[in-house]
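So you can see what is in the structure, the chains are spelled out below.
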Amino acid sequence: MPELPEVEVVRRGLGRFVVHRRVAAVDVRHPRAVRRHAAGPVDFVDRLTGRTVLAARRRGKYLWLPLDDGSALVAHLGMSGQLLVQPSSAGDETHLRVRMTFADGGRELRFVDQRTFGGLHVEATEGTDGIPRSVAHIARDPLDPEFDDEAFVRALRRRNTGVKRALLDQTLLSGVGNIYADEALWRTRLHGERPTRTLRRTDAVALLAAVRDVMTLALAQGGTSFDSLYVNVNGESGYFERSLTAYGRAGEPCARCGTPIRREAFMNRSSYSCPGCQPRPRPRRRS
DNA sequence: CACTCAACCTGCCGGC
DNA sequence: TGCCGGCAGGTTGAGT
């Protein structure tokens, strides 16, 4: 479910409900959920027990909780992961993978993940920026104050691929997934298979602005639905859906020109775009 | 080095 | 009803 805005909503929830608390106990209910913790589930539990959570951080779609011994609990939600803050009296979720209780006896933190593409692990953080090594390859995201717009524009135009593939490459910029890629492309009137080499500078600048705009808008909406409690922070929230202009809207009229939105297969998934506003690029002979 | 794609899972939905 | 194919907001690592 989660792209940057959704993950950021989760991060804020963790910041509010988990930071400054000391871990009392951890129960790994499904080893696959901690498969990226190379030393195994027992070590995972050992490294967390007794630690205090210092903060809740994020880069792109990765989350991590720095701990008081210099390590961090790193989380990726994958396609279906959720981090829920639940009273201990709440019954186990069907896909509950990891449960963490705290010394203050308050609400638990639960990792719930149907498809188990997501997971948790503990690792050291390094350097002054405190980025876990497993996250180091992820580029800054467009909402990061230190994101370098100029460097992105240059790198994008230097790529030799389709613009949507580039947007989804988390080492070029992070946080963009299938939905926001399609939304940003629609806003910029670009077809996802437009070769990055043919983008004008202004196209690249506009595309980045569109990514930022759509993410900021989605985040504002997600933030509103959040304050009740964590349960609302899952893909089920129909909140974002309302403002989507292309993604998932095959057959519906384009909000700009009325042409029915098309759906095309793309990398084992789908792309949605407007045939009127986003014409397929003409195949060019390579030079 | 840059790029592409299958594999990793489970559940749901529509068609037969 | 039940079975089957297709599809789902992501990432990695092997292969070209």
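To be clear, the structure that these remarks concern was listed above.
What comes next is a walk through the structure. It should be emphasised that the depicted structure is a prediction, and the values quoted were computed from it without experimental measurement.

**So, the environment of L190**
No. 1: Its place among the elements puts L190 in the loop between α5 (178–188) and α6 (201–226).
No. 2: On the accessibility criterion, L190 (4% relative accessible area) is buried.
No. 3: A sequence separation of 140 residues divides L190 from G50, and the C-alpha atoms of the two residues are 51 Å apart.
No. 4: Once residues lying within four places of it in the same chain are set aside, the contact partners of L190 are L185, L199, L207 and Q278.

**Topic: helix α3 (residues 149–158)**
No. 1: Every buried residue of α3 is listed here: F152, V153 and L156. The arc that holds every buried residue of α3, seen down its axis, measures 100 degrees, which confines them to one face.
No. 2: In this structure D148 caps α3, since a side-chain oxygen of it lies 3.2 Å from the backbone nitrogen of E150.

**Focus: the nonpolar core**
No. 1: Core analysis: the largest hydrophobic core is formed by 31 residues, its most contacted members being L14, V18, F44, L83 and L109.
No. 2: L4, V153, V163 and A181 belong to the second largest nonpolar core, which has 24 residues in total.

**So, the protein's contact with DNA strand B**
No. 1: In the vicinity of DNA strand B, the residues found are R32, H95, Q114, R115, F117, R159, N160, T161, R165 and N268.
No. 2: Restricting the count to atoms of DNA strand B within 4 Å of the protein gives a sugar and phosphate share of 71%.
No. 3: Contacts to DNA strand B include Q114, whose side-chain N or O atom sits 2.9 Å from a base oxygen.

**A few points about helix α1 (residues 4–17)**
No. 1: An ideal rise of 1.5 Å per residue puts 20 Å on 14 residues; α1 measures up with 20 Å between its terminal C-alpha atoms.
No. 2: Where burial is concerned, most of α1 is hidden: 10 out of the 14 residues are buried.
No. 3: Turning to α1, its buried residues are L4, P5, E6, V7, E8, V9, V10, G13, L14 and F17.

**Topic: the sheet that holds strand β6 (residues 96–102)**
No. 1: Taken together, 4 strands build an open sheet; the order of strands is β1-β6-β7-β5 and the sheet is antiparallel. Every other strand in the sheet has two partners, leaving β1 (23–28) and β5 (81–86) as the edge strands with one partner each. Across the sheet, the mean angle from the axis of one strand to that of its neighbour is 15 degrees, orientation sign disregarded.
No. 2: Summarising the sheet, β6 and strand β7 (residues 108–113) pair through 4 bridges and their orientation is antiparallel. Among the inter-strand pairings, L96 is bridged to a residue of β7, identified as V112.
No. 3: Along the sheet face, helix α2 (residues 41–48) touches β1 and β6 and points at about 165 degrees away from the line of β1.

How each quantity is defined
Residues numbered from 1 in each chain as written. Chains lettered and ligands numbered in written order. Predicted model: local features only at pLDDT ≥ 70, side-chain atom pairs only at ≥ 80, totals over all residues. Heavy atoms only, no water. Helix = DSSP H or I, 4+ residues; strand = E, 2+ residues; numbered from the N terminus. Buried < 20%, exposed > 50% of the residue type's maximum accessible area, 1.4 Å probe, protein only. Contact = heavy atoms within 4.5 Å. Arc of directions from axis to C-beta. Polar contact = N/O pair within 3.5 Å; in protein donor to acceptor, adjacent residues only side chain to side chain. Core = buried A, V, L, I, M, F, W, Y, C linked by side-chain atoms within 4.5 Å. Near = heavy atom within 4 Å. Expected span 1.5 Å × (residues − 1). Pairing = 2+ DSSP bridges. Axes fitted to C-alpha atoms, helices over the stretch in contact; angles between N-to-C directions.

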